[in-house]
Amino acid sequence: MALKAVHVSDVPNLDQVPEKPSLAIYSTRFSQGVEIGRTSFKPSKFLVVGHRGNGMNLLQSSDRKMKAVKENSIISFNSAANYPIDFIEFDVQVTKDDCPIIFHDNFILTQENGTIYERRVTELTLAEFLSYGPQREESVTGKPLLRKTKDGKIVSWTVETDDSACTLKEAFEKVNASVGFNIELKFDDHIVYEQDYLVRVLQAILHVISEHAKGRPIIFSSFQPDAALLVKKLQTTYPVFFLTNGGTEIYYDVRRNSLEEAIELCLEGGLEGIVSEVKGIFRNPGAVNKIKESKLSLMTYGKLNNVPEAVYMQHLMGIDGVIVDLVQEITEAVSNLVKKPEEVEDEILLEGEEKVQNRPQFSQRELSFLLKLIPELIQ
């Protein structure tokens with residue numbers, strides 16, 4: 001891709017989705033609804049979002065849970081929907097022939113006659129992309145699917161419950177309608193994209209949504225600042241969140257390097273919120289108040305979100321939701337720990353009996369102490 005700046009102000013508003021946003025999108029998971037507007041996203045409850053469905057695959061991990069179900073697949077999405085989850089998060093890219101598909105990595109790998117072949121996902125046609133891994137037709141054998149780990153090792157993409165690759169359209173058609181979609185607009189961190197390319201990709205995604213969403217709650221998110229700004233410009237129906245590492249990693253684009261930069265980007269572009277690496281929040285807990293004061297919503301992602309105590313701490317801090325890999329464990333923990341005031345009152349038993357204590361209780365002083373302590377613990 002050529003190095004060319006994106007000028008969002010030059011992009012017209014497209015009619016890919018309804019112009020006027022609904023005030024509330026309802027789902028069987030949302031007893032009070034989720035308020036969605038041009039300038040706010042106010043969940044009525046603490047949200048739990050399934051990362052790539054029922055959790056990401058860590059093929060080199062000794063934990064079977066991290067390679068139980070193929071990530072970013074229809075089976076994974078519906079497995080997550082078996083639990084009281086609010087959204088599933090997944091990565092959308094667009095093929096060379098303009099079809100939005102669901103896949104996380106920038107490159108896809110296979111092996112043939114002992115030779116490993118690597119191709120950029122967005123340079124494949126839809127048919128080529130679908131030829132990797134398990135096939136829908138039992139009589140057809142797909143190309144072996146490999147994966148490159150962060151440390152450069154190439155491993156077989158072997159999981160206990162496998163599934164074929166899928167498109168965004170299939171997700172709308174085949175995934176339990178009770179769960180919302182957190183659609184991450186996936187781009188390569190090492191490429192500066194031309195405006196025309198970003199617009200073409202986003203138009204392809206918005207077209208599928210306009211044809212198949214049917215009222216399903218949707219949140220857009222992206223690490224790519226210009227893509228986040230553009231998708232907000234191109235539609236006004238669904239909230240857009242900016243994804244950030246919160247300063248835990250440094251990038252050439254300074255807009256990605258801190259929570260302060262993320263806040264500024266959201267306010268300038270009219271975005272609804274931020275999704276931060278949870279360590280970025282714990283290292284800089286004071287940013288939570290700044291985000292709230294800016295009337296932005298805040299969710300988090302990261303390995304610490306698989307620890308119930310870390311999730312509960314975020315609930316106490318006023319964070320709106322968490323993206324998690326261990327869907328069953330965290331939804332159970334949230335059900336026990338995060339309760340509405342009326343539910344807490346219902347825990348008072350018959351006269352003379354003690355109140356059930358299902359969750360830890362912190363005073364404001366204790367909470368303040370914990371917030372000061374956490375940054376030291378996670379360095």
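Criteria and cut-off values
Residues numbered from 1 in each chain as written. Predicted model: local features only at pLDDT ≥ 70, side-chain atom pairs only at ≥ 80, totals over all residues. Heavy atoms only, no water. Helix = DSSP H or I, 4+ residues; strand = E, 2+ residues; numbered from the N terminus. Buried < 20%, exposed > 50% of the residue type's maximum accessible area, 1.4 Å probe, protein only. Contact = heavy atoms within 4.5 Å. Areas by Shrake-Rupley, 256 points an atom, 1.4 Å probe, with all protein chains shown as cover. Axes fitted to C-alpha atoms, helices over the stretch in contact; angles between N-to-C directions. Parallel < 35°, antiparallel > 145°, perpendicular 65-115°, else oblique. Left-handed = near helix turned anticlockwise from the far one by under 90°. Nonpolar A, V, L, I, M, F, W, Y, C, P; charged D, E, K, R; others polar. Core = buried A, V, L, I, M, F, W, Y, C linked by side-chain atoms within 4.5 Å. Patch = residues over 30% accessible without salt bridge, like charges linked within 9 Å, V, L, I, M, F, W, Y side chains within 5 Å. Salt bridge = Lys/Arg side-chain N within 4 Å of Asp/Glu carboxyl O. Lys, Arg positive; Asp, Glu negative; His and termini not counted. Charge placed at Lys NZ, Arg CZ, Asp CG, Glu CD. 1 Å grid on protein atoms, 1.4 Å probe; cavity = no way out; pocket = protein on both sides within 12 Å on 5 of 7 lines; lining within 4 Å. Points joined across faces, edges and corners; volume = space filled by probe spheres on them. Pairing = 2+ DSSP bridges. Right-handed = clockwise from strand over helix to strand, strands pointing away. Phe/Tyr/Trp six-rings, centres within 6.5 Å; stacked < 30°, edge-to-face > 60°.

K.L.:
Which parts of the structure should I look at to understand the overall build of the protein?
P.N.:
When you go through the protein residue by residue, the secondary structure sums to 12 helices and 17 strands. Split into buried and exposed, the 379 residues of the protein put 53% on the buried side. If you take every contact in the protein between residues at least 6 apart in sequence, the share linking residues at least 24 apart comes to 67%. Summed over its atoms, the accessible surface of the protein is roughly 18300 Å², and 50% of this surface lies on carbon and sulfur atoms.

K.L.:
Explain unusual backbone geometry here, please?
P.N.:
The phi angle of most residues is negative, glycine excepted, and most peptide bonds adopt the trans form. Although it is not a glycine, Asn72 adopts a positive phi angle of roughly 55°. Positive phi, normally seen in glycine, also occurs at Asn113, with a value near 55°. One can find Asn113 in the loop between strand 7 (107–112) and strand 8 (115–120). Taking the relative accessible area as the measure of exposure, Asn113 reaches 79% and is therefore exposed.

K.L.:
Would you explain the packing of helix 9 (residues 308–317) against helix 10 (residues 327–337) in this entry?
P.N.:
Helix-helix packing is characterised by the crossing angle of the two axes and by the distance between the axes. For the pair helix 9 and helix 10, the least separation of the axes is 10 Å and the interaxial angle reads 45°. Comparing their axes, helix 10 and helix 9 come out oblique. When you trace helix 9 past helix 10, the crossing you get is right-handed. Within the contact between the two elements, helix 9 uses Pro308, Val311 and Tyr312 and helix 10 uses Ile330, Ala333, Val334 and Leu337. Counted by class, the contact of helix 9 with helix 10 contains seven nonpolar, no polar and no charged residues.

K.L.:
I keep staring at the nonpolar core and nothing clicks. Help me out?
P.N.:
If you look at soluble globular proteins, the nonpolar side chains tend to sit buried side by side. Within the largest apolar cluster, 77 residues are counted, with the highest numbers of intra-cluster contacts made by Ile183, Ile209 and Phe220. With 10 residues, the top contributor of residues to this core is helix 4 (residues 195–212). In contact with Ile183, other than residues within four places in its own chain, are Phe90, Val92, Leu168, Phe172, Ile209, Ile218, Ile219, Phe220 and Ser221. Among the nonpolar cores identified, the runner-up in size contains 13 residues, and Leu59, Cys99, Phe103 and Trp157 belong to it.

K.L.:
I keep staring at a positive patch on the surface and nothing clicks. Help me out?
P.N.:
Positive charge collects at one region of the surface, where Lys150, Lys279, Arg283 and Lys303 lie side by side. Here Lys279 lies in helix 7 (residues 278–283). The partly exposed category is assigned to Lys279, whose relative accessible area is 33%.

K.L.:
Sorry, what's going on with the pattern of salt bridges here?
P.N.:
Any two side chains of opposite charge can pair, so long as their charged atoms come close to each other. Applying the stated criterion across every chain, the model contains 21 salt bridges. In this structure, Arg119 and Glu128 form a salt bridge, with 3.6 Å as the shortest nitrogen-oxygen distance. In this structure Arg119 comes out as partly exposed when scored by relative accessible area, which is 33%. Under the relative-accessibility criterion, Glu128 is labelled partly exposed at 27%. Arg136 is paired through a salt bridge with Glu170; the nearest N and O atoms lie 3.7 Å apart. With a gap of 34 residues between them, Arg136 in the loop between helix 2 (126–130) and strand 9 (146–148) and Glu170 in helix 3 (residues 168–174) connect regions that are remote in the sequence. Salt bridges linked by common partners bring Arg52, Glu71, Asp91, Asp105 and Arg147 together as one network.

K.L.:
Where do I start with empty space enclosed by the protein in this structure?
P.N.:
By rolling a water-sized probe across the atoms, one finds the places where empty space is left. If you walk through the whole model with that rule in mind, you get three cavities of 30 Å³ or more. As a volume, the largest cavity reaches approximately 150 Å³. Residues belonging to the lining of the largest cavity are distributed by class as follows: nine nonpolar, four polar and three charged.

K.L.:
What should I look at first to understand the pairing of strand 14 (residues 240–244) in this one?
P.N.:
When a strand is regular, its side chains alternate between the sheet's two faces. For strand 14, a buried count of five out of five residues is recorded, marking the element as mostly surrounded by other parts of the structure. Residues Val240, Phe242 and Thr244 line one face of strand 14 and the alternating positions Phe241 and Leu243 line the opposite face, and both faces are buried. Inspection of the sheet shows strand 13 (residues 218–222) paired to strand 14 by three bridges, in the parallel sense. When the bridges of strand 14 are listed, Ser221 appears paired with Phe241. Chirality of the crossover, the property in question, places the unit of strand 13, helix 5 (residues 225–234) and strand 14 among those that are right-handed.

K.L.:
Explain the packing of helix 4 against helix 5 to me, please; I cannot follow it from the model alone.
P.N.:
Orientation of helix 4 relative to helix 5, taken along the N-to-C sense of each, is 55°, at an axis distance of 10 Å. On the basis of their axis angle, the class for helix 4 and helix 5 is oblique. Crossing of helix 4 against helix 5: the hand is right-handed. Seen from helix 4, the contacting residues are Leu198, Val199, Leu202 and Leu206; seen from helix 5, they are Asp226, Ala227, Leu230, Val231 and Leu234. For the contact of helix 4 with helix 5, the per-class residue count stands at eight nonpolar, no polar and one charged.

K.L.:
Which parts of the structure should I look at to understand the environment of Asn82?
P.N.:
With respect to the helices and strands, Asn82 occurs in the loop between helix 1 (74–80) and strand 5 (87–94). Between the alpha carbons of Asn82 and Val327 there is a distance of 9.6 Å; along the sequence they are 245 residues apart.

K.L.:
Any chance you could explain the packing of aromatic side chains here in plain terms?
P.N.:
The geometry of an aromatic ring pair is captured by two quantities: the separation of the ring centres and the angle between the planes. Applying the stated rule across the entire model yields nine aromatic pairs. Plain terms: the ring middles of Phe103 and Phe129 are 5.7 Å apart, the flat faces sit at 80° to each other, and that makes the pair edge-to-face. On the criterion of sequence distance, the pair formed by Phe103 in the loop between strand 6 (100–102) and strand 7 and Phe129 in helix 2 is long-range, its members being 26 residues apart. On the numbers, 5.2 Å between centres and 65° between planes, the contact of Phe187 with Tyr193 is edge-to-face. By relative accessible area, which is 9% here, Phe187 ends up buried. On the basis of relative accessible area, Tyr193 is assigned to the buried category, the value being 6%.

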